[in-house]
Amino acid sequence: MALPPVLHERLRLPVIGSPMFIVSGPELVIAQCKAGIIGAFPALNARPAAQLDEWICQIAEALAAWDRDHPEAPAAPFAVNHISHRTNDRLEHDLEVTCRRKVPVVITSLGARREVYDAVHASGGVVMHDVISAAHGRSAVEKGADGLIAVAAGAGGHAGALSPFALVQELREFFDGPLALAGAIATGRSILAAQAAGADLAYVGSAFIATQEARAAPAYKQMIVDSSGGDIVYSNLFTGVHGNYLKSSIAAVGLDPNALPESDPSRMNFSSGATSDAKAWRDIWGCGQGIGAVHEVVAAGARVAELAEQYQQARRELAAKTGLFGQGGE
């Protein structure tokens, strides 16, 4: 199946900047879109709820102005992420705002819901749904999702446990539509690898935490720079859903990152007031395993440029390698 135009026509790189709780705001999204990748933010980052409309208008106006001034390099589209879990008491409000403002791409997480997809489609939008298994993928497609985001082992924040190769392979057995891959992707070479594995797009998050536009605390950004894949812990203690977190941030609140207890999944809660006193994301920082490639805090546009250069170099190197082995096998 061909990709919808919104997912490829204005992209410098086949990348979605993943929506990160607390971290992603209008500044980061605008910078990502201007640089040529899809920028995204969680609707729940806009607090109070009325701010969501303001953010969407701010982003849309900034990108429209960019397009007027740069017709030769128009901005990529942006996306809003909605938590579809039953405990999100803002979903109805946030979805209404998103559809009224005709946001081009909607990303849904933690629950595939037909009524959500129908509403987005009625407004002309495209829906991508986060999944960590083939079963979740089947359910989302059956309910009307246009595309899937394979959240594999190594991804930042809430993540699955399957290898990217295994998860993409299983999803491609029944789904030939738009597919993005998340899981420790922080270089241009990894973006190309995602495509080689069968995905259309890469889903890149943690590398953008260490950018000037990100709404992360300075200490969070520096911890990304100072850490590597071995400094990540996979736990469901903090939200009831398994996710990847920085060891040092766990230790900083007095917990032993090497001896965390299991949490009861029933504690999962995404109501509008649920996170006000929670330590996850605010004090205990989510992060993917690919951060060993991040060595400094830079502007988001510079990070995209670096990824683009790496991506093109990887394509050239891979072409040389595949040509060599193709000749050898004849």
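A tally of regular secondary structure across the protein chain gives 10 helices and 11 strands. The C-alpha atoms of the protein chain give a radius of gyration of 19 Å, which matches the 20 Å a tight globule of 330 residues would have. Across its three principal directions, the C-alpha atoms of the protein chain cover 60 × 45 × 40 Å. Every one of the 330 residues in the protein chain was classed for burial, and the buried ones make up 51%. Contacts in the protein chain between residues at least 24 apart in sequence constitute 65% of all its contacts with a sequence separation of at least 6. Looking at the protein chain as shown, the accessible area adds up to about 14,000 Å², and 52% of this sits on carbon and sulfur atoms. Across the protein chain, the centroid of the 26 positively charged side chains sits 1 Å from that of the 34 negatively charged ones.

Within the open sheet, the 3 strands sit side by side as β7-β11-β10. Their pairing is antiparallel. In the strand order of this sheet, the two ends are held by β7 (157-158) and β10 (232-235), each with one partner. Pairing geometry for β10 and strand β11 (residues 243-246), over 4 bridges, is antiparallel. What sits directly across from I232, in β11, is L246.

A few words on the environment of Q310. With respect to the element layout, Q310 can be found in helix α10 (residues 300-328). Taking C-alpha positions, Q310 is 9.2 Å from I191, a pair spaced 119 residues apart along the chain. In this structure, Q310 is in contact with T187, G188 and R189, ignoring residues within four places of it in sequence.

So, on to the side chain of R90. Here R90 shows up in the loop between β3 (78-83) and α3 (91-100). Judged by relative accessible area, R90 falls into the buried class, the value being 6%.

With 59 residues, the main nonpolar core has L13, L181, I191, F208, Y220, I224 and L246 as its most contacted residues. The element that contributes the greatest number of residues to this core is α10, accounting for 6 residues. Membership of the second largest hydrophobic core comes to 19 residues, among which are I16, A76, V126 and Y203.

Turning next to helix α1 (residues 26-35). Counting buried positions along α1 gives 8 out of 10 residues, so the element sits mostly inside the fold. Within the sequence span of α1, burial applies to P26, L28, V29, I30, A31, Q32, C33 and A35. Count one or two residues on from α1 and you reach G36, which has phi positive near 110°.

The next point concerns helix α2 (residues 51-69). For an α-helix, 3.6 residues make a turn, and residues three or four places apart therefore share a direction. With 19 residues, α2 ought to run about 27 Å at 1.5 Å a step, and its terminal C-alpha atoms sit 27 Å apart, in line with that. Of the residues making up α2, those classed as buried are L52, D53, W55, I56, C57, I59 and L63.

Moving on, we get to the confidence of the model for the protein chain. Across the protein chain, the average pLDDT comes to 93, with 93% of residues at or above 70. Between residues 273-278, whose pLDDT stays under 50, and residues either more than four places distant or in other chains, the model counts 5 contacts.

With parallel pairing, the 8 strands of this open sheet are ordered in space as β1-β9-β8-β6-β5-β4-β3-β2. On the outer flanks of this sheet lie β1 (15-17) and β2 (39-42), each paired with one strand and no other. Mean inter-strand twist for the sheet, computed between neighbouring axes without regard to direction, equals 25°. Sheet topology note: the strand β6 (residues 147-151)/strand β8 (residues 179-182) ladder contains 4 bridges and is parallel. Bridge assignment links I149 to a residue of β8, and that residue is A180. In the packing of α3 onto the sheet, the strands contacted are β3 and β4 (105-109), and the crossing angle to β3 comes to about 165°.

Another aspect to go through is the state of the cysteines. The tally for this structure, following the rule as stated, stands at 0 disulfides. Free cysteine: C99, not disulfide-bonded; nearest cysteine sulfur from C57 at 14 Å.

What follows covers the side chain of D94. When you line up the elements, D94 lands in helix α3. Ignoring any residue separated from it by four or fewer positions in sequence, one finds D94 in contact with A43, L44, L52 and H82.

Further remarks concern the packing of aromatic side chains. By the definition in use, this model includes 3 aromatic pairs. The ring centre of F174 lies 4.2 Å from the NZ or CZ of R138, which sits over that ring.

Before going further, it helps to examine the pairing of strand β5 (residues 126-131). By the criterion of burial, β5 is predominantly enclosed, with 6 of the 6 residues buried. Residues V126, M128 and D130 point to one face of β5 and V127, H129 and V131 to the other, with burial holding for every one of them. Of the strand pairs in this sheet, β4 and β5 are connected by 4 bridges, and their pairing is parallel. If you follow V106 over to β5, its bridge partner there is V127. Regarding the hand of the β-α-β motif, the stretch spanning β4, helix α4 (residues 114-122) and β5 is right-handed. Judged from the 4 bridges that link them, β5 and β6 form a sheet pairing that is parallel. Its bridge partner being in β6, M128 is matched across the sheet by G147.

The rules we used
Residues numbered from 1 in each chain as written. Predicted model: local features only at pLDDT ≥ 70, side-chain atom pairs only at ≥ 80, totals over all residues. Heavy atoms only, no water. Helix = DSSP H or I, 4+ residues; strand = E, 2+ residues; numbered from the N terminus. Rg over C-alpha atoms; globule rule 2.2 N^0.38 Å. Buried < 20%, exposed > 50% of the residue type's maximum accessible area, 1.4 Å probe, protein only. Contact = heavy atoms within 4.5 Å. Areas by Shrake-Rupley, 256 points an atom, 1.4 Å probe, with all protein chains shown as cover. Lys, Arg positive; Asp, Glu negative; His and termini not counted. Charge placed at Lys NZ, Arg CZ, Asp CG, Glu CD. Pairing = 2+ DSSP bridges. Core = buried A, V, L, I, M, F, W, Y, C linked by side-chain atoms within 4.5 Å. Expected span 1.5 Å × (residues − 1). pLDDT = per-residue confidence, 0-100. Axes fitted to C-alpha atoms, helices over the stretch in contact; angles between N-to-C directions. Disulfide = S-S within 2.5 Å. Phe/Tyr/Trp six-rings, centres within 6.5 Å; stacked < 30°, edge-to-face > 60°. Lys NZ or Arg CZ within 6 Å of the ring centre and 35° of its normal. Right-handed = clockwise from strand over helix to strand, strands pointing away.

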